[in-house]
Amino acid sequence: MACPRCGCKVCYQFNDEDAPQIENLERCAACGEIFDIEEHADEEEEP
């Protein structure tokens, strides 16, 4: 799974203290983008 915004492969489950835990949201470690796991970008294989 990769971030749809920047392509980073390191993403963490998003937890918001003010809202109930939504298990299908991820946060990118690099750019901070929050996205639905269904919207993730395909990971490109490294040569």
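All figures in this text were calculated on a predicted structure; none of them were measured in a lab. (Residues numbered from 1 in each chain as written. Predicted model: local features only at pLDDT ≥ 70, side-chain atom pairs only at ≥ 80, totals over all residues. Heavy atoms only, no water.)

### Observations concerning the pattern of salt bridges
Part 1 of the argument: Summed over all chains, the structure comprises one salt bridge.
Part 2 of the argument: When the shortest N-O distance is used, the salt bridge between E33 and R5 registers 3.4 Å. Placement of the pair is E33 in the loop between β2 (25–28) and β3 (34–36) and R5 in the segment before β1 (11–13), with a sequence separation of 28 residues. (Salt bridge = Lys/Arg side-chain N within 4 Å of Asp/Glu carboxyl O. Helix = DSSP H or I, 4+ residues; strand = E, 2+ residues; numbered from the N terminus.)

### Topic: the pairing of β2
Part 1 of the argument: Sheet topology note: the β1/β2 ladder contains three bridges and is antiparallel. What sits directly across from Q13, in β2, is E26.
Part 2 of the argument: Sheet analysis places β2 next to β3, joined by three bridges and oriented antiparallel. Its bridge partner lying in β3, E26 is registered against F35.
Part 3 of the argument: What sits between the antiparallel neighbours β2 and β3 is a turn of five residues, in which G32 has the positive phi angle 85 degrees. (Pairing = 2+ DSSP bridges.)

### A look at the sheet that holds β3
Part 1 of the argument: Read across the sheet, three strands follow the order β1-β2-β3 without closing on themselves; strand pairing throughout is antiparallel. Among the strands making up the open sheet, the edge pair consists of β1 and β3. Neighbour to neighbour, the strand axes of the sheet diverge by 40 degrees on average, direction disregarded. (Axes fitted to C-alpha atoms, helices over the stretch in contact; angles between N-to-C directions.)

### A short note on the side chain of E26
Part 1 of the argument: When you line up the elements, E26 lands in strand β2.
Part 2 of the argument: Residues within four places of E26 in sequence aside, it is in contact with M1, C11, Y12, Q13, F14, E33, I34, F35 and I37. (Contact = heavy atoms within 4.5 Å.)

### A few points about the nonpolar core
Part 1 of the argument: Core analysis: the largest hydrophobic core is formed by five residues, namely C3, C8, C11, C28 and F35.
Part 2 of the argument: Discounting residues that sit within four places of it in the chain, C11 has contacts with C3, E26, R27, C28, A29 and F35. (Core = buried A, V, L, I, M, F, W, Y, C linked by side-chain atoms within 4.5 Å. Buried < 20%, exposed > 50% of the residue type's maximum accessible area, 1.4 Å probe, protein only.)

### Topic: the environment of C11
Part 1 of the argument: On the secondary structure map, C11 appears in strand β1.
Part 2 of the argument: Considered as a pair, C11 and C31 are 20 residues apart in the sequence and their alpha carbons are 10.0 Å apart.

Purely spatial values, then, with no claim about function.
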